[in-house]
Amino acid sequence: MNEYGTLLKKDGRYSLRFERFFPLQREDVFRVITDPEAFKQWYPFATGEMDVKLGGKIAFDDGEGSTYEGIITELDPPHEFGFDEVGDLVNITIQEEDEGSRLIFIHIFDDDSWAVQTAAGWHRCLDALSQIINGEKVEWKDNAAALREIYSKAFDKE
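Given the structure is predicted, the values throughout are model-derived calculations rather than measurements.

A. Broad picture of the environment of Asp156. Secondary-structure assignment places Asp156 in the segment after helix H4 (144-154). A relative accessible area of 68% means that Asp156 is categorised as exposed.

Below, the structure is given as structure tokens:
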């Protein structure tokens, strides 16, 4: 399975799509992605403050003095978790599959000028999420530059 993300354009917006397979039930995967303590370990700028309900808020802090909130827009356990983060939409769907489940992560945004950097970042974040879901210690690989090069070629942004 290709773990690299794809970039699509639809209705004037862009979307990055990633998939990951886990040999676990989707309930177990859903529990991890909606757990505030786990969320702050893999999701950029998350503080761990999350009101897990439709319309609930997720607190973010960019570490440079800016704090903001996301709003949970989709919540259908154990299938779907989505939120609006300052106009960008993040949707995580978990599908039942033979021997486990498939997580589909989609980030929808307006400006593709940061698509390469964003794809490389999400790739790394989803690698960390995979480690958490699989019960492993989170170890961030030093692969950001290599991933940016891969996505630059894939998205024809050289």
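B. A look at the pattern of salt bridges. All chains considered together, the criterion is met by 12 salt bridges. With a closest N to O distance of 3.3 Å, Asp127 and Arg20 form a salt bridge. Taken together, the residues span a long stretch of sequence, with Asp127 in helix H3 (residues 115-133) and Arg20 in strand E2 (residues 13-22) at a distance of 107 residues. Neither residue differs from the other here; Asp127 and Arg20 are each classed as buried. Notably, a salt bridge pairs Arg102 with Glu97, separated by 2.7 Å at the nearest N-O pair. For Arg102, a relative accessible area of 13% gives the class buried. A relative accessible area of 29% means that Glu97 is categorised as partly exposed.

C. Local environment of the environment of Phe83. Mapped onto the fold, Phe83 is located in strand E6 (residues 80-85). As for Phe83 and Lys137, which are separated by 54 residues in sequence, their C-alpha atoms are 26 Å apart. Those residues in contact with Phe83 that lie beyond four places of it in its chain are Phe39, Tyr43, Ile58, Phe60, Ile71, Ile72, Thr73, Asp88, Leu89 and Val90.

D. Structural view of the packing of aromatic side chains. A full pass over the atoms with the stated rule returns 18 aromatic pairs. Ring centres of Tyr14 and Phe109 lie 6.1 Å apart, and the angle between their planes is 25 degrees; on these two criteria the pair is classed as stacked. With Tyr14 in strand E2 and Phe109 in strand E8 (residues 100-109), this residue pair connects regions lying 95 residues apart in the sequence. What makes Phe109 buried here is its relative accessible area of 6%.

E. Seen up close, the confidence of the model for the chain. Of the residues in the chain, 98% reach a pLDDT of 70 or more, and the chain-wide mean stands at 95. Mean pLDDT values for the elements of the chain range from 95 in strand E1 (residues 6-10) up to 98 in E6.

F. The sheet that holds strand E4 (residues 57-61), seen in detail. Strand order in the open sheet formed by eight strands is E1-E2-E8-E7-E6-E5-E4-E3, and the pairing between neighbours is antiparallel. Strand pairing shows two members of the sheet lacking a second neighbour, E1 and strand E3 (46-50), which therefore form its edges. Direction aside, the axes of adjacent strands within the sheet are offset by 25 degrees on average. Sheet analysis places E2 next to E8, joined by nine bridges and oriented antiparallel. The residue bridging Tyr14 from the neighbouring strand is Phe109, located in E8. Across the face of the sheet, helix H1 (residues 26-33) comes into contact with E2, strand E5 (67-76), E6, strand E7 (88-97) and E8 while running at roughly 155 degrees to E7. Against the sheet, H3 engages E1, E2 and E8, with an angle of about 25 degrees to E2.

G. Representation of unusual backbone geometry in the model. The step from Pro77 to Pro78 runs through a cis peptide bond, and the omega angle for that step is -5 degrees. Following the sequence through the fold, Pro78 ends up in the loop between E5 and E6. Here Phe45, not a glycine, exhibits a phi torsion of approximately 70 degrees, which is positive. Following the sequence through the fold, Phe45 ends up in the loop between helix H2 (36-42) and E3. Residue Val86 is not a glycine yet carries a positive backbone phi of 55 degrees.

Rules behind the numbers
Residues numbered from 1 in each chain as written. Predicted model: local features only at pLDDT ≥ 70, side-chain atom pairs only at ≥ 80, totals over all residues. Heavy atoms only, no water. Helix = DSSP H or I, 4+ residues; strand = E, 2+ residues; numbered from the N terminus. Buried < 20%, exposed > 50% of the residue type's maximum accessible area, 1.4 Å probe, protein only. Salt bridge = Lys/Arg side-chain N within 4 Å of Asp/Glu carboxyl O. Contact = heavy atoms within 4.5 Å. Phe/Tyr/Trp six-rings, centres within 6.5 Å; stacked < 30°, edge-to-face > 60°. pLDDT = per-residue confidence, 0-100. Pairing = 2+ DSSP bridges. Axes fitted to C-alpha atoms, helices over the stretch in contact; angles between N-to-C directions.

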